[in-house]
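# Commentary on secondary and tertiary structure
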Amino acid sequence: QVQLTESGGGLVQAGDSLRLSCAASEPTAVKLAMSWFRQSPGKEREFVAVVSQSGLNTKYADSVKGRFTISRGSARNSVHLQMDSLKPEETAVYYCAASTLYSSSSNLPASYPYWGQGTQVTVSS
């Protein structure tokens, strides 16, 4: 069972940057595609970005393209999300997720069997 632990959340002002990290408990996580989702109160969990097992392929939600960058850590069993030019509407709990598949369905929460507990990101206006 792979356990995921997020870190790096916090309170920032609009326009600021923040870097989230997610570490997997098992070295075998290098075989997993890793993603970030976010969820605001009263809203459904929303896809943010995914990186493939190799780290060479990525996908982003249209709303974050050009501002967010997902990457794998050097050991490849971790993932980072660099968030620039943050907006107040991006206040949410950010979740790390992992799956054996990197596919056209990688933007769907149902594609992921492994989830972290989430880290709060609050962007003030």
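On a predicted model such as this, the values are computed, not experimentally measured, just so you know.

Judged by how many residues are buried, strand E4 (residues 33–39) sits mostly within the fold: six of seven residues are covered. Examined bridge by bridge, E4 and strand E9 (residues 92–99) share seven bridges and lie antiparallel to one another. Within E9, the residue paired with Arg38 across the bridge is Tyr94. As consecutive antiparallel partners, E4 and strand E5 (residues 46–51) are separated by six residues, and within that stretch Gly42 has a phi angle of approximately 80°, a positive value.

Let us look at the pattern of salt bridges. For the coordinates displayed, the defined rule picks out four salt bridges. The partner of Arg38 in a salt bridge is Glu46, with the nearest N and O atoms 2.8 Å apart. With a closest N to O distance of 3.1 Å, Asp62 and Lys65 form a salt bridge. You can call Asp62 exposed: its relative accessible area is 62%. Connected via shared salt-bridge partners are Arg38, Glu46, Arg67 and Glu90.

To continue, consider the state of the cysteines. Disulfides are covalent bonds that link the sulfur atoms of two cysteine residues. Under the criterion given, the structure shown has one disulfide. Covalent S-S linkage joins Cys22 and Cys96, the inter-sulfur distance amounting to 2.1 Å. Residues Cys22 and Cys96 are joined by a disulfide whose S-S torsion is about -80°; by sign, that bridge is left-handed. Residue Cys22 is found in strand E3 (residues 18–24), and its partner Cys96 is found in strand E9; the two are separated by 74 residues along the sequence.

Spatially, the four strands line up as an open sheet ordered E1-E3-E8-E7, and their pairing is antiparallel. On the outer flanks of this sheet lie strand E1 (4–7) and strand E7 (68–72), each paired with one strand and no other. Strand-to-strand twist in this sheet, taken as the mean axis angle between neighbours without regard to direction, amounts to 15°. Strand direction decides the pairing type here: E3 and strand E8 (residues 78–83), joined by six bridges, are antiparallel. Looking at E8, one finds that Arg19 is bridged to Gln82.

Attention shifts here to the side chain of Ser21. Relative to the assigned elements, Ser21 resides in strand E3. Looking at Ser21, the relative accessible area reads 19%, which means it is buried. Here His80 takes part through its side chain, which lies 2.9 Å from a polar atom of the side chain of Ser21. Ignoring sequence-local partners within four residues, the contact set of Ser21 consists of Thr5, Glu6, Ser7, Trp36, Val79 and His80.

This part is about the environment of Tyr114. Residue placement: Tyr114 occurs in strand E10 (residues 114–115). Tyr114 sits 55 residues away from Lys59 along the chain, and the two C-alpha atoms are 19 Å apart. If we skip the residues at most four places from it in the chain, Tyr114 touches Gln1, Val2, Leu4, Leu32, Cys96, Ala97 and Ala98.

Basis of the calculations
Residues numbered from 1 in each chain as written. Predicted model: local features only at pLDDT ≥ 70, side-chain atom pairs only at ≥ 80, totals over all residues. Heavy atoms only, no water. Buried < 20%, exposed > 50% of the residue type's maximum accessible area, 1.4 Å probe, protein only. Helix = DSSP H or I, 4+ residues; strand = E, 2+ residues; numbered from the N terminus. Pairing = 2+ DSSP bridges. Salt bridge = Lys/Arg side-chain N within 4 Å of Asp/Glu carboxyl O. Disulfide = S-S within 2.5 Å. Axes fitted to C-alpha atoms, helices over the stretch in contact; angles between N-to-C directions. Polar contact = N/O pair within 3.5 Å; in protein donor to acceptor, adjacent residues only side chain to side chain. Contact = heavy atoms within 4.5 Å.

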